[in-house]
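Structural overview
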Amino acid sequence: MADPMKIRAQMKGDTAEIRVLMSHPMETGQRKDNAGNTVPAHYIQSITVDVGGKRVIQGQTATSVSRNPVFGFRVKGAKAGDKVVIHWEDNKGDKRTDEATIAA
Amino acid sequence: MKQRLGMLLAAAALTTSFAVHAQQSAKKAPPAAKAAAPANKSEVSKEFEKFREVLEEDNPAELYEAKGEDIWKNKKGPNGTSMAQCDLGLGAGVVKGAYVHMPRYFADVGQVMDAERRVVHCMIKYLGYSEADIRKQPFSNVNKTPDHVSVITYVAAQSRNMKIAAPQKHPKEIEAYNIGKEIFAYRAGPYDFSCASCHGEDGKRIRTQDLPNLRKPDEAIRAYQGWPGYRMTGGFMLTQQWRMNDCFRQQRFPEPSYLSDSITALLAYMTVTANGQTYKGPGIKR
Amino acid sequence: MNRKIIAGLAATLACSAVLADEIRNYRAEAVAMMKRDFKAKGIATTDRLHEDGVQAICNRSGDNPPKDIAARLEKDQLESVKYPADGKLMGDWKAGEKLAQSGRGMTWSDKAGVPGGGNCYNCHQISPTEMSFGTIGPSLYQFGKTRGNTPDMQKYVYGKIWNAKAYNLCSQMPRFGHVNALNEKQIKDLVALLLDPQSPVNSK
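In this numbering scheme, every chain counts its residues from 1 along its sequence in written order. The lettering of chains begins at A and the numbering of ligands begins at 1, in the order of writing. Since the coordinates come from a predicted model, pLDDT governs what is reported: local features require at least 70, and pairs of side-chain atoms require 80 or more to be given and counted, while whole-chain, interface and lining totals use all residues. Just so you know, side-chain values use all the structure's heavy atoms and leave hydrogens and water out.

1. Re the interface of chain C and chain B
We count it as follows: We call two residues in contact whenever any of their non-hydrogen atoms come within 4.5 Å of each other. When two parts are put together, the accessible area they lose, computed with a 1.4 Å probe and summed over both, is reported as buried area. A pair is scored as a salt bridge if a Lys or Arg side-chain nitrogen falls within 4 Å of a carboxyl oxygen belonging to Asp or Glu. Pairing of N or O atoms within 3.5 Å defines a polar contact, subject to two protein rules: one partner must be a possible hydrogen donor and the other a possible acceptor, and residues neighboring in sequence count only if both atoms are side-chain atoms. Helix and strand assignments follow DSSP, with helices taken as H or I runs no shorter than four residues and strands as E runs no shorter than two, numbered in order from the N terminus.
Across the boundary between the two partners, chain C contributes 55 residues, which contact 42 residues of chain B. Both faces combined, the contact of chain C with chain B buries some 4,300 Å², and carbon together with sulfur accounts for 55% of it. Three residues stand out in chain C for area buried against chain B, namely C:Phe38, C:Trp108 and C:Ile136, and they jointly supply 16% of the buried area on that side. Counting across the interface, chain C meets chain B through eight salt bridges. Measuring nitrogen to oxygen at the nearest pair gives 3.1 Å for the salt bridge that ties B:Asp261 to C:Arg36. If you look at where chain C meets chain B, you find 30 residue pairs in polar contact (both at pLDDT 80 or more). Mapped onto the side of chain C that touches chain B, the elements with two or more residues apiece are helix H2 (26-37), strand S1 (38-39), helix H3 (53-61), helix H5 (93-101) and helix H6 (120-123) of chain C. For the side of chain C that touches chain B, the element with the most residues is H2(C), which contributes nine residues.

2. A short note on helix H9 (residues 184-195) of chain C
Residue and element names in this part refer to chain C. As a reminder, the rule being used: For a helix, the expected span equals 1.5 Å multiplied by the residue count minus one. Only protein chains enter the area calculation, which uses a 1.4 Å probe; residues under 20% of their type maximum are buried, those over 50% are exposed, and those in between are partly exposed.
Spanning 12 residues, H9 covers 16 Å between terminal C-alpha atoms, matching the ideal 16 Å at 1.5 Å per step. Most of H9 is tucked away, with 10 of its 12 residues classed as buried. All buried positions along H9 are accounted for by Gln186, Ile187, Lys188, Asp189, Leu190, Val191, Ala192, Leu193, Leu194 and Leu195. Buried residues along H9 sit in contact with H5, H6, helix H7 (143-147) and helix H8 (151-162). One side-chain oxygen at the N-terminal end of H9 lies 3.2 Å from the backbone nitrogen of Lys185; it belongs to Asn183.

3. A closer look at the packing of aromatic side chains
The following threshold applies: Stacked, tilted and edge-to-face pairs are distinguished by plane angle, under 30 degrees for stacked and over 60 for edge-to-face with tilted covering the rest, among Phe, Tyr and Trp rings (Trp via its six-membered ring) whose centres lie within 6.5 Å.
Counted according to the given criterion, the structure contains 14 aromatic pairs over all chains. Ring centres of B:Phe248 and B:Phe253 lie 5.8 Å apart, and the angle between their planes is 40°; on these two criteria the pair is classed as tilted. When its relative accessible area of 1% is taken as the criterion, B:Phe248 is described as buried. Their ring planes at 35° and their centres at 5.7 Å tell us that C:Tyr83 and C:Tyr158 sit as a pair that is tilted. Placement of the pair is C:Tyr83 in the loop between helix H4 (67-79) and H5 and C:Tyr158 in helix H8, with a sequence separation of 75 residues. Classification of C:Tyr83 as partly exposed rests on a relative accessible area of 28%. The structure contains a cluster of three or more aromatic residues connected by ring pairs, namely B:Tyr177, B:Phe184 and B:Tyr269.

4. Here's the deal with the environment of C:Lys39
Topologically, C:Lys39 is positioned in strand S1. Residue class for C:Lys39 comes out partly exposed when judged on its relative accessible area of 43%. With near-sequence residues (within four places) excluded, C:Lys39 lies in contact with B:Pro254, B:Glu255, B:Ser257, C:Ala44 and C:Thr46. Engagement of the side chain of C:Lys39 in a polar contact is seen with the backbone oxygen of C:Arg36, the distance being 2.8 Å.

5. Quick word on the pattern of salt bridges
Taken as a whole and judged by the stated rule, the model has 37 salt bridges over all chains. Residues A:Arg67 and A:Glu27 are paired through a salt bridge, measuring 3.2 Å at the closest nitrogen-oxygen approach. With A:Arg67 in the loop between strand S4 (54-60) and strand S5 (70-76) and A:Glu27 in the loop between strand S2 (15-21) and strand S3 (44-51), the pair connects residues that are 40 residues apart, well separated along the chain. For A:Arg67, a relative accessible area of 9% corresponds to the buried category. A relative accessible area of 6% places A:Glu27 in the buried class. When the shortest N-O distance is used, the salt bridge between B:Glu131 and B:Arg135 registers 2.9 Å. Of this pair, B:Glu131 and B:Arg135 both sit in helix H5 (residues 131-136), four residues apart, roughly one helical turn.

6. Section: the sheet that holds strand S7 (residues 226-231) of chain B
Residues and elements named next belong to chain B. Note the cut-off: Whether two strands pair depends on DSSP finding at least two bridges between them. To get an axis, fit a line to the C-alpha atoms, keeping to the stretch in contact for a helix; angles then go from 0 to 180 degrees between the N-to-C directions.
Ordered by their spatial adjacency, three strands build an open sheet running S8-S7-S11, and the pairing between neighbours is mixed. Strands with a single pairing partner mark the edges of an open sheet, and in this sheet they are strand S8 (236-238) and strand S11 (282-285). Strand-to-strand twist in this sheet, taken as the mean axis angle between neighbours without regard to direction, amounts to 35°. In the sheet, S7 pairs with S8 via three bridges, with the strands oriented antiparallel. Looking at S8, one finds that Tyr230 is bridged to Met237.

7. Considerations on the nonpolar core
The nonpolar side chains of a soluble globular protein tend to be buried, and buried together. Here is the rule we go by: By nonpolar core is meant a set of buried Ala, Val, Leu, Ile, Met, Phe, Trp, Tyr and Cys residues that side-chain atoms within 4.5 Å join together. Reported domain spans reflect what an automatic or database domain assignment gives.
In terms of nonpolar packing, the biggest core is built from 70 residues, with B:Trp72, B:Val155 and B:Phe248 touching the most fellow members. No fewer than three residues from each of domain 1 (1-35) and domain 2 (38-204) of chain C sit in this core. When near neighbours in sequence (up to four residues on either side) are disregarded, B:Phe248 contacts B:Ile183, B:Cys195, B:Phe253, B:Pro254, B:Pro256, B:Ile263, B:Leu266, C:Met34, C:Phe38 and C:Trp108. Grouped together as the second largest cluster of nonpolar side chains are 30 residues, C:Cys120, C:Ile126, C:Ile187 and C:Leu193 included.

8. Overview of the layout of surface pockets
Rules: Residues are said to line a cavity or pocket when one of their atoms sits within 4 Å of a point; the points come from a 1 Å grid over protein atoms alone, cavities being sets where a 1.4 Å probe fits but cannot get out and pockets being open sets with protein on both sides within 12 Å along at least five of seven lines. Grid points are joined across faces, edges and corners, and a volume is the space filled by probe spheres set on the points. Note on residue classes: Ala, Val, Leu, Ile, Met, Phe, Trp, Tyr, Cys and Pro are nonpolar, Asp, Glu, Lys and Arg are charged, and everything else, Gly too, is polar.
Roughly 470 Å³ of volume is contained in the second largest pocket. Lining the second largest pocket are 23 residues, and of these A:Asp3, A:Ser23, A:His24, A:Pro25 and B:Asn143 lie nearest its centre. For the lining of the second largest pocket, the secondary-structure elements that each account for two or more residues are strand S6 (83-90) of chain A together with helix H3 (61-74) of chain B. The greatest single-element share of the lining of the second largest pocket, amounting to three residues, is contributed by H3(B). Residues of the lining of the second largest pocket, tallied by class, amount to eight nonpolar, seven polar and eight charged.

See below:
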């Protein structure tokens, strides 16, 4: 079971600044463990972000993203109190959804 | 309706691309900064400090802090006990400020313990963790950050921006300080090194790495800042006990047992020396 | 004889008895504790915790030994230096540069039987092309240019790398030859790095 994300969302003028930290190994499939065996690829492959009930980001990611990645984005037109819902799924079918409220 | 939503992903791309490089070079030593000339007081280190400050805002250490908090608050031992019963020196269950008040004497065990040792002690006693398992993998690696490392990260974070105040009242606390001071200065092994060989003088470096003079209060705090730390090269949390362990490796000594009296004593010496300085909480390391 | 002296003597004795009780030998306690807590790992065995004579005098004097003792021990150390049988002290500076770069050797993560590195750049500035150098030791840039490479100078540099304590008893520099961290050929290559006129160390 995946560990929770850390989401920060705050208004800066008329723009919401949203940052999210995700807990994920993001294995590239190229790394070898101490015994010399290749560690199978294990990575987040899709991310969605909904703000105030609207889908604002729908994206695909791959193995070039780091372990425990940080994503940041700015959303125009959102307002304080809007709910931010972030969801990811990885190539092994594991998934995680977390939410936060945009602070003033 | 006017509410059109736009987005900018540039920030995301920037933040992640660095960390990718960091992960891929996990097995190699940190690259030497050949381009910048560290002619005067280490320009390279200053640049790296700036970079680190930017990253502190979204330090993945927070993920481990959150996990540790969950274990501390919600996990139960086999007999229904929990970390609420764990006394880190400021009363049962009190976490706030505890990290900067250790190492200290604990009457229940009749000995001085540093923060990591005390946390592990409690996790064994109240949550039923197996000491053998913890000793099998005391430190994080690219495959696993053990639970106790997350709990220590949580405990350390609850002392963020507080002043180091390791007590020197109990005779055993004074003894730990004095023994630690001797361990710090003890030269032995094939290279004739002591801790002081690298950390006993002002303004020295190994390669481009600045070395704090740990005998001085304003520099001894640097042995605390950034620990526990998220290591970008590899992506896992490392604690102060790991830092001590790896110093002894480079000192060409045999390996100190995890959570041993020697390390507690050494930490007591270094912590007391740093007393009065402000601890900034878990950090990020290259 | 008067009583005052006797009383004074008694007081002194009583006083020293109290002190003896309170002054603890923390160094001895520290060493005993480390011998209990440290375990052998790989090539790093526990006998490394024992001080040899040089370490002992440096540990007891805070790296500031009495002059006469230092002179005697330095002489012993110098006599233990083994110079090459063929009399040639300078090797290949290019191999020396590679060796100077390597920080490997003698840790518990190093393998037995694999030659270690010189660890030189950890502490010294050497070739001008390498900007990532430490400052625990003095800069060695232009070492041969300013000192020449006479047989005496070669002998000094070889001896210094073989056993730095022969010249400065409590130097922070390891005794590379003395403890078999570097072999004869490796030390020759490092001598060349510092003294060969072709070495970048001595370039303008």
